[in-house]
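Notes for the structure review
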Amino acid sequence: MFLSDTNMTDNNDTPGDNSIQKVEPNYHQYSLFDIGIDPGLKDEEGNELPRPFTKNQMRKWLKKVRWENHKADKRAKEKARAKERRREAREANLDLGPSRKALKKMKVEKDKKNVGVIIDLSFDHLMIEKDRYKVIKQILRCYSVNRRSESPLQFHITSFGEKSRNDISRHNGYENWDVEFHEEPYLDLFPKEKLVYLTSESENIIENFEENTFYVIGGLVDHNKHKGLCHTIAKDQGIRHGQLPLDKYVNMKTRKVLTIDHVFEIVLRVSEGLAWQETLMKVLPVRKGAHICSSVSDSSIDISYHSD
Ligand SMILES: C[S@@+](CC[C@H](N)C(=O)[O-])C[C@H]1O[C@@H](n2cnc3c(N)ncnc32)[C@H](O)[C@@H]1O
């Protein structure tokens, strides 16, 4: 159910106004963290307490609620319109192509690539709630690009603990995703020689993704606080590691550390057969300021990893 904000006008001067108190936010659905507010206060059950709300915070919150309402409305209208179009087409004996249901079924039957990606969620203890949510959002994007791919990657999530389970359960239906969730760490699940930890600090430059190999991405949003952590872990565990060949194909204005979903999509696109330069220009966000290196051609060079 969505909230009505008709009682909340821009003329409300104080958050304690009667009109504001009529708004009954659903604090389970909308975390204050979602709108960049650290609520600080919690009740005995750990729920965020509504006060104190400044006028500005309340405005931001209402803007978010309005947007959510608008999105839900729009989706419902689109659904109704699509249903109506199908009904009309059926009556006129027109073929509108496969239904959503049929498309979904076709997707499940797609051939998976023999290349795997593992997102290593063993870093919960190093992140505040807000950053853990960012990790989950990025995983959501990985799932979404993989699902749309004609040749999806094998997708595993390891060290999937209680915190991650709670965080991800805000997104309904994750249990039905075509992703394998494991509570165990990857070392308990996969042979060491088939693992390659992706890390921007590795001295090994990846040129292509090997079949029958699992590429590990660190499930960590750390704002560079734990620089080199995944590289150290890979070396300590004696598994192979490699960095993406960013320097070879693009000039970047910013750091070479990418987000989980960008790394995932790069592995996916290159495994699909897209050239490196094209992939990087397509996937890297504009703010990374990537430009093509004019001196390179997009040929493949094999490298051998060493596991230190
Ligand atoms: C935001 S980064 C985390 C950075 C973290 N300080 C670390 O030690 O890796 C998330 C993950 O994306 C992957 N990653 C990011 N940039 C990369 C690059 N240039 N090459 C290879 N992997 C990269 C790594 O697996 C990394 O753990």
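Everything below is about the structure printed above this text.
Every value quoted in this text rests on a predicted model; they were computed, and no experiment measured them.

The end-to-end C-alpha distance of helix 8 (residues 260-272), which contains 13 residues, comes to 18 Å, matching closely the 18 Å that a straight helix rising 1.5 Å per residue would cover. Among all positions of helix 8, only Ile260, Asp261, His262, Val263, Phe264, Glu265, Ile266, Val267, Leu268, Arg269, Val270 and Ser271 are buried. Looking at the buried side of helix 8, the elements it contacts are strand 1 (115-120), helix 4 (129-148), strand 2 (154-158), strand 4 (195-198), strand 5 (213-218) and helix 9 (276-283). Downstream of helix 8 by a residue or two, glycine 273 has a phi angle that is positive, lying close to 110°.

Turning to the sheet that holds strand 1, a few remarks are in order. On the basis of which strands lie adjacent, the open sheet formed by six strands has the order 3-2-1-5-4-6 and parallel pairing. The sheet is open, and its two edges are formed by strand 3 (180-181) and strand 6 (240-242), each paired on a single side. Across five bridges, the pairing between strand 1 and strand 2 is parallel. Residue pairing in the sheet places isoleucine 118 in a bridge with histidine 156 of strand 2. With respect to the sheet, helix 4 is in contact with strand 1 and strand 2, its orientation differing from that of strand 2 by roughly 160°. Along the sheet, helix 8 contacts strand 1, strand 2, strand 4 and strand 5; its crossing angle with strand 1, the most-contacted strand, is approximately 175°.

Turning our attention to the environment of glutamate 180. Along the chain, glutamate 180 falls in strand 3. We classify glutamate 180 as partly exposed; its relative accessible area is 44%. As a C-alpha pair, glutamate 180 and phenylalanine 155 span 25 residues in sequence and 6.4 Å in three-dimensional space. Every residue in contact with glutamate 180, bar those within four places of it in the chain, is listed here: Phe155, His156 and Ile157.

What follows concerns the site of the ligand. Around the ligand sit 18 residues, and of these Leu198, Asp222, His226, Lys256 and Leu258 come closest. Contacts to the ligand include threonine 199, whose backbone N or O atom sits 3.4 Å from a nitrogen atom. In this structure, cysteine 230 approaches the ligand through a main-chain N or O atom, which is 3.0 Å from an oxygen atom. Broken down by secondary-structure element, the contributors of at least two residues to the shell around the ligand are strand 5 and helix 6 (229-237). A per-class count over the shell around the ligand returns 10 nonpolar, six polar and two charged.

Conventions used here
- Residues numbered from 1 in each chain as written.
- Predicted model: local features only at pLDDT ≥ 70, side-chain atom pairs only at ≥ 80, totals over all residues.
- Heavy atoms only, no water.
- Helix = DSSP H or I, 4+ residues; strand = E, 2+ residues; numbered from the N terminus.
- Expected span 1.5 Å × (residues − 1).
- Buried < 20%, exposed > 50% of the residue type's maximum accessible area, 1.4 Å probe, protein only.
- Contact = heavy atoms within 4.5 Å.
- Pairing = 2+ DSSP bridges.
- Axes fitted to C-alpha atoms, helices over the stretch in contact; angles between N-to-C directions.
- Near = heavy atom within 4 Å.
- Polar contact = N/O pair within 3.5 Å; in protein donor to acceptor, adjacent residues only side chain to side chain.
- Nonpolar A, V, L, I, M, F, W, Y, C, P; charged D, E, K, R; others polar.

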